[in-house]
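# Structural overview
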Amino acid sequence: MRDRVRCASGAHTILTVAAVAIGLAATESPALAQAGRGATSAATEVKASPSRVTIPLEHAVSSQHTATIKGQRVPYRATAGTLPVYDTEGNPIASVFYVFYERTDVQDKTRRPLMISFNGGPGSSSAWMHLGYTGPKRVNIDDEGNPVQPYGVRDNPESIIDVADIVYVDPVNVGFSRPLEGVDRRQFFGVNQDIDYLGRWIELFVTRYGRWTSPKFLIGESYGTTRVSGLAHRLQNTHKMFLNGVILVSPTALGIERDGPVRAALYLPHYTATAWYHGRLPQDLQSRDLEEILPEVERFTIEEYLPALARGGFLDDARRREIASTVARYAGVSETFVLNNNLAIPISHWRKELLRDQRLTVGRLDARYQGVDRDAAGINYDYDAAMAAWNHSFAPAINHYLREVLGFKTDLPYYLIGGPVHPWDRSGDQTGENLRRAMAENPFLKVMIQAGYYDGGTDYFSTKYTMWQIDPSGQMRDRFRLHLYRSGHMMYLRDEDLVTANDHIREFIRWATPADGQPAHWGRRRPAT
């Protein structure tokens, strides 16, 4: 059930964004209405030809809904809207689209967590976790994440709206978010540029919705983990906004170096998991449970495989063949294939090789998915079978949901993934160190990491390596939690893992929300006697 509310607007800023049809109706953001401030006294407009689509710099549509979560009725308000990004001089430079869900039967916001959610890419919208994971609606898919028809959404009984308010944010040139015409694009599209302007936007959002006193969490998936790791420190350092928790879903390298033998070795446990799933391991391994096999493979990777790769072409021939035999056994491929790749199997080659005799490939972001190439020769697949399946489901779902269910009307294309954000400046990526520094400066801040065994884009053992390297001192290891799932990059698309992963978020929120009056401190509180 839902009851849509639109607020008439007095004045607003128009943002020119693309080349087709008409603009949005002029409305006032509910955030402005709640806060009683922020509306301009005179209209400001970016000049455009009549053939351009225009979108208000600030606009929102709210509607009332109810959900049943864990058997409990939860009333909530959904707000789909845009808020401006201001530069450091206070000038608007972009309009950022968001969808915000607030539970309406909770009055005390000081104990109500706020979850700020980002996906990755860069160039990927927030639709994936929004309609796949934590939001109150979920894309129509089967129990393993495959597309089904009719397209659309259904209720998500595992949503975390029962325990937290959630805002899903689309960065500039993603979703419906766009820069103002004529501004310098370079200020948005880079590791640190992205963190800079999104930090300012988050401060504005939190201020407008009156959430400074709420426990605050960031959740990011894939490149979104780079984003939220950097934001954790930026929000604390620049905006004096301290967080309770950061959730990293299928994390990237976070600027932590691992080129050469380390990178090559870390893929092996993913190869084993995928080969096990597709029945390609030797029978003595195939007959065992996956989580019984993987610790053995991880030990071999660190203690034998990595040292062998480090010796390169100077590894003794007998030892080379011994390592090749074991790698082949664990990776589901031939010893000849391993030797031909000098022991270090490129993951793109392996995706083509594993099921070559069946003329099938395995997916990048979820290796359970199988693809069909033009031919079975060559060393690279034609496409990622997982991404093809997900686009199939999510594109119609998000466009229908935002426009027809939430009522956000625009002729703008919604950039689901592959938004025009390139070239992307990847220089100066210190986001892993940013996260460590934020944790050091904020004793309340905790981190949870979620990864799937079958994810070959941000593989699970590289995720473990990243976690090990964030805090080399080991002093904060008790503030990390790691959960692994029998899924891929978006583990939540599998019904079983949707339940478990959302329950892990609930547990993490409880763990990272201190008791009333609990102080944040390091070390002694009183002088030694």
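All of these numbers come straight from a predicted model, not from anything done at the bench. (Residues numbered from 1 in each chain as written. Predicted model: local features only at pLDDT ≥ 70, side-chain atom pairs only at ≥ 80, totals over all residues. Heavy atoms only, no water.)

## Considerations on the overall build of the chain
Scanning the chain for helices and strands turns up 15 helices and 18 strands. Per-residue burial for the chain yields a buried fraction of 58% across its 529 residues. Within the chain, residue pairs in contact and separated by at least 24 positions form 74% of the contacts whose partners lie at least 6 positions apart. Counting only carbon and sulfur atoms, one obtains 49% of the accessible surface of the chain, whose full area is about 21,000 Å². (Helix = DSSP H or I, 4+ residues; strand = E, 2+ residues; numbered from the N terminus. Buried < 20%, exposed > 50% of the residue type's maximum accessible area, 1.4 Å probe, protein only. Contact = heavy atoms within 4.5 Å. Areas by Shrake-Rupley, 256 points an atom, 1.4 Å probe, with all protein chains shown as cover.)

## With respect to empty space enclosed by the protein
In the structure shown here, the tally under the stated rule is two cavities of 30 Å³ or more. Roughly 60 Å³ of volume is contained in the largest cavity. Surrounding the largest cavity, 14 residues form its lining, Pro171, Val172, Val174, Arg227 and Trp424 being those nearest its centre. Counted by class, the lining of the largest cavity contains nine nonpolar, three polar and two charged residues. Of the voids in this model, the second largest cavity is the one considered here, and its volume is about 40 Å³. If you go around the second largest cavity, the residues you meet are Lys352, Arg356, Arg359, Leu360, Thr361, Asp373, Asp375 and Ala376. Looking at the lining of the second largest cavity residue by residue, the classes come out as two nonpolar, one polar and five charged. (1 Å grid on protein atoms, 1.4 Å probe; cavity = no way out; pocket = protein on both sides within 12 Å on 5 of 7 lines; lining within 4 Å. Points joined across faces, edges and corners; volume = space filled by probe spheres on them. Nonpolar A, V, L, I, M, F, W, Y, C, P; charged D, E, K, R; others polar.)

## Some words on the packing of aromatic side chains
Counted by the stated rule, this structure contains 30 aromatic pairs. Between Phe176 and Tyr414 the ring centres are 5.0 Å apart and the planes differ by 85 degrees, which places this aromatic pair in the edge-to-face class. Here Phe176 is found in the loop between strand E11 (165-170) and strand E12 (178-179), whereas its partner Tyr414 is found in the loop between helix H12 (385-405) and helix H13 (431-441), with 238 residues between them in sequence. Overall, the relative accessible area of 1% leaves Phe176 in the buried class. Residue Tyr414 is classed as buried on the basis of its relative accessible area of 9%. For the pair Trp201 and Phe205, a centre-to-centre distance of 5.5 Å together with 20 degrees between the ring planes defines the contact as stacked. Here Phe205 and Trp201 lie together in helix H3 (residues 191-208), a separation of four residues that amounts to about one turn. You'll find Trp201 and Phe205 in the same group, each marked buried. (Phe/Tyr/Trp six-rings, centres within 6.5 Å; stacked < 30°, edge-to-face > 60°.)

## A word on the packing of helix H2 (residues 127-134) against H12
Where H2 meets H12, the axes come as close as 10 Å, and the angle between the chain directions of the two elements is 90 degrees. With respect to their mutual orientation, H2 and H12 come out roughly perpendicular. In this structure, H2 uses Ala127, Trp128, His130, Leu131 and Gly132 to contact H12, whose residues at the interface are Met387, Trp390, Asn391, Phe394, Ala397, Ile398, Tyr401 and Leu402. Among the residues making up the contact of H2 with H12, the classes are represented as 10 nonpolar, three polar and no charged. (Axes fitted to C-alpha atoms, helices over the stretch in contact; angles between N-to-C directions. Parallel < 35°, antiparallel > 145°, perpendicular 65-115°, else oblique.)

## Some words on unusual backbone geometry
With an omega of 5 degrees, the peptide bond between Gln149 and Pro150 qualifies as cis. Structurally, Pro150 can be placed in the loop between strand E9 (137-139) and strand E10 (153-155). Geometrically, the link from His422 to Pro423 is a cis peptide bond, its omega value of 5 degrees lying close to zero. Despite not being glycine, Lys240 has its phi angle at roughly 55 degrees, a positive value. Tracing the sequence through the fold places Lys240 in the loop between helix H4 (223-237) and strand E14 (245-249). One non-glycine residue, Asn342, lies in the positive phi region at around 55 degrees. Mapping Asn342 onto the fold places it in the loop between helix H10 (335-340) and helix H11 (347-353).

## What to know about the side chain of Asp194
Mapped onto the elements of the fold, Asp194 is located in helix H3. The exposure class assigned to Asp194 is buried, which follows from its relative accessible area of 1%. Contacts of Asp194, omitting those with residues within four sequence positions, involve Pro171, Phe188, Tyr223, Arg227 and Trp424.

## Some remarks on the layout of surface pockets
By rolling a water-sized probe across the atoms, one finds the places where empty space is left. Roughly 930 Å³ of volume is contained in the largest pocket. Residue lining of the largest pocket: 41 residues in total, with Ser222, Thr252, Arg364, Gly457 and Thr458 positioned closest to the centre. Contributing elements (two or more residues each) for the lining of the largest pocket: H4, H11, H12 and helix H14 (460-470). For the lining of the largest pocket, the element with the highest residue contribution is H14, accounting for three residues.

## Some thoughts on helix H15 (residues 495-512)
Given 3.6 residues to a turn, an α-helix orients residues that are three or four positions apart in the same direction. Compared with the 26 Å implied by 1.5 Å per residue over 18 residues, the 26 Å span of H15 between its first and last C-alpha is a close match. For H15, the complete set of buried residues consists of Asp497, Leu498, Ala501, Asn502, His504, Ile505, Arg506, Phe508, Ile509 and Ala512. (Expected span 1.5 Å × (residues − 1).)

## Some words on helix H8 (residues 290-310)
Here H8 is 21 residues long and its end C-alpha atoms lie 28 Å apart, about the 30 Å a rise of 1.5 Å per residue gives. Residue Thr301 marks the point of greatest curvature in H8, where the axis turns by about 45 degrees. If you check which residues of H8 are buried, you get Leu290, Ile293, Leu294, Glu296, Val297, Glu298, Phe300, Thr301, Tyr305, Ala308 and Leu309. Close packing links the buried residues of H8 with helix H5 (261-266), helix H6 (268-277), helix H7 (283-286), helix H9 (317-331) and H14. For H8, the N-terminal cap is Asp289; the gap from its side-chain oxygen to the backbone nitrogen of Glu291 is 3.1 Å. Following H8 by one or two positions, Gly312 adopts a phi angle in the positive range, close to 55 degrees. (Bend = angle between axes of the 7 residues up to and from the residue. Polar contact = N/O pair within 3.5 Å; in protein donor to acceptor, adjacent residues only side chain to side chain.)

## Some details on the pairing of strand E18 (residues 480-485)
In this sheet, E18 lies alongside strand E17 (residues 446-452) in parallel orientation, the contact comprising six bridges. Residue pairing for E18: Gln450 is matched across the bridge by His483. Tracing the backbone out of E17, into H14 and back to the parallel element E18 gives a crossover that is right-handed. (Pairing = 2+ DSSP bridges. Right-handed = clockwise from strand over helix to strand, strands pointing away.)

## Observations regarding the packing of H3 against H4
Packing of H3 against H4 brings their axes to within 9 Å, and their N-to-C directions diverge by 60 degrees. Viewed along their axes, H3 and H4 adopt a mutual orientation that is oblique. Crossing of H3 against H4: the hand is right-handed. Residues Val191, Asp194, Ile195, Asp196, Leu198, Gly199 and Ile202 of H3 form the contact with H4, whose participating residues are Tyr223, Thr226, Arg227, Gly230, Leu231, Arg234 and Leu235. (Left-handed = near helix turned anticlockwise from the far one by under 90°.)

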